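The lines below spell out each chain.
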Amino acid sequence: MEIQWRSWSKGCVSFLRPWIPVLLGLHLQFSRASNCPEECRCERTFVYCNERGLTSVPLGIGEGYKTLYLHNNQINNAGFPLELHHVASVETVYLYGNELDEFPFNLPKNVRVLHLQENNIQTISRAALAQLLWLEELHLDDNSISTVGVEDGAFQEAVSLKMLFLTKNHLSSVPIGLPDVLKELRLDENRIAVIAEEAFQNVTRLERLLLDGNLLTDDGISPGTFQGLVTLRELSLARNSLTYPPSLLPGEVLVKLSFQENLITQIPVRAFAGLHKLEKLDVSNNKLQSLAPGIFDGLFSLRQLMVRNNPWLCDCNMGWVVSWLKSLPASLNVRGFMCHKPEKFRGMAIRELSADLQCSQPTSPSDSRPGLSAPTNPSLVPRVSRRPALTLPTLYPIYTTREEGMRTKKPLQVTFTSLNGSEIHVRWAAAFPVTAYKVTWARMDPSLTGDTVRERIVGGGHRGIRLANLQPKSTYRICVIPLDEFNNYRPKDDTVCTEVVTTGQFFIPEDNDSNNRRRSRPEQATQPEPGSPFLLAGLIGAAVILVLVFLLGIFCWHVHRKGRSKSEWKYNRGRRKDDYCEAGTKKDNSLLEMTETGFQIVSLNNEQLLKADFRIQPIYTPNGGTAFRDCPPGNNSTVYCKNNVQDADFCHS
């Protein structure tokens, strides 16, 4: 009996063994389906709750799901239930495009990737980040985070954080207390003007650092700021206000270095010393005119060098560059060495020149007025406009110095030049310290109401800006707002506004004094072109006339065709006596039917016919043949003969 039980049990086990994974999968599937919120759609490891107008995270999200989509809703900070924090399986959460104003609490405790872009987050607390011990990638782009809104050491609480994105926020400095395991930090498009020496002191594993589009100057970067970043592979400082590269750059593993769109006028000969692994260097869109010999001598791994849009002066100082370019290996790609001066070499590639270039004589500045220096970038001087630039009257904004503590007047000179129908060049010069300039412009419609205001912040080292892609023959209101050394706006004191027409007519700027009234526009700019409305009306009228004539022609053709068609089938009772072939008949494709007396009896030999002696002339049938039929007289009465019907073999009277 025992042996029989053992054999039976073994058979059951062998039978159930293949079905165990299937049963477990069904159990897991049904358990997930029961843990999916009603407002969402669940599929495998994903929960889709996006774009549903939610104001809070739905309840009932169970275990087993890894990715949670909650983007493009209306979720606020009060909409995160406590039970969400205990869902251990969720690793990725999308919460961008909601209505958060601070870093949220009660997020899933094991989340690794968190997307919070395009909210209105202003504050970040240590307690909120302390809940996310496994967070590795944090996206906070396009929010309203300021330096004072980040609690000191807040990001250090995220002990596993490796990637931090803070693009397009309101930071004025690098946040204090970054995690030491951080590998990528993006701080571009902020308002950072100062970087302390200890800002990256604890970040020893950083590999990528982006600081583009800030307000950094030479004095704003402390010496040795980047020296401790021994693992840094990419450093980008584009679109700032640097006049030379920072000193003591990390040279151990740096591969990519970017300085484009700055104000760099010179590069020290030892600026790139020690960067043996550097592969890409970009110094485009600066103000470089020459380079010191041997500046690239230590760059053994260099593969790409970008120097476009610099006002290179092709004189004796650039002779070594000609020889260096001709000796480069094919593996090194160099772009942008084009002569800007002197005029005889403009637009020529420096590589094509001879190495024995002659030095040019220095030229004196064209304007020696105090406070207004000649532009260092000749490409900013407009050459396409035939009108002389209109220099606006000097304005005297009020500026308070810290030393004196009193209100003094300093000159600010502004020049506007309309280059063409879509570009306006704005130049300025200020005698007082300016960290940056905020330039705003908006198109004015005929009712003098402004369009959408666009703005751009440029560094204090800039002396002008070119506004492109403007509407031709349009009035634009342009304002220049200086920023002081504290990076604060002072629109009431220093704002300078004016109205400019893209056709070349200028307007006198106005300040905020209510006694200064805007001058009237030139008569030529305000009067519309006299021929424009009449020309347009004439074109429209001609088009309407052509359409009417065409329709009338179609109508007449249709009426004519219809009338002709009817006339072919109309009875004709007024024919001559000899037109007897179809007189009084109605034509058909199959028979010729007599509808009324239409035959004419005529004499064949001009003799008087007897009363009973007559013949009927031939009648033409529809098929083109003729049919004669002699019909005997009957009772001296009128004869009717259906002689066109071939199978009719009789006549009757």
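Before any of the text, the structure's been laid out above.
Residues numbered from 1 in each chain as written. Predicted model: local features only at pLDDT ≥ 70, side-chain atom pairs only at ≥ 80, totals over all residues. Heavy atoms only, no water.

A. Spatial organisation of the nonpolar core. Counting 95 residues, the largest nonpolar core has Phe103, Leu138, Leu140, Phe155, Phe272 and Phe337 as its most contacted members. Of all the secondary structure elements, the ones that give two or more residues to this core are α4 (126–130) and α5 (319–326). Top element by residues in this core is α5. It accounts for four residues. Residues contacting phenylalanine 155, with those up to four places away along its chain left out, are Ile124, Leu129, Leu138, Leu140, Val150, Leu161, Leu164, Leu166, Pro175, Gly177, Leu178 and Pro179. (Core = buried A, V, L, I, M, F, W, Y, C linked by side-chain atoms within 4.5 Å. Buried < 20%, exposed > 50% of the residue type's maximum accessible area, 1.4 Å probe, protein only. Helix = DSSP H or I, 4+ residues; strand = E, 2+ residues; numbered from the N terminus. Contact = heavy atoms within 4.5 Å.)

B. Molecular detail of the state of the cysteines. Summed over all chains, the structure comprises three disulfides. Covalent S-S linkage joins cysteine 36 and cysteine 42, the inter-sulfur distance amounting to 1.9 Å. On the S-S bond that ties cysteine 36 to cysteine 42, the torsion sits near 90 degrees, and the link is right-handed. Using a relative accessible area of 24% as the deciding quantity, one classes cysteine 42 as partly exposed. (Disulfide = S-S within 2.5 Å.)

C. Expanded view of the pairing of strand β25 (residues 475–483). Buried residues dominate β25, accounting for eight of its nine residues. Here strand β22 (residues 436–444) pairs with β25 via nine bridges, running antiparallel. Paired with lysine 438 across the bridge in β25 is isoleucine 481. When β25 meets strand β26 (residues 496–501), the two strands line up antiparallel, connected through six bridges. Looking at β26, one finds that tyrosine 476 is bridged to valine 500. (Pairing = 2+ DSSP bridges.)

D. Molecular detail of the side chain of threonine 167. In this fold, threonine 167 is placed in the loop between β7 (163–165) and β8 (184–186). Exposure remark for threonine 167: the relative accessible area of 11% places this residue in the buried category. Leaving out residues up to four positions away in the same chain, threonine 167 has contacts with Leu140, Asp141, Asp142, Arg186, Asp188, Glu189 and Asn190.

E. Quick look at α5. Within α5 the residues assigned to the buried category are Gly319, Val321, Val322, Trp324 and Leu325. Next to the buried residues of α5 lie β13 (304–306) and β15 (333–335).

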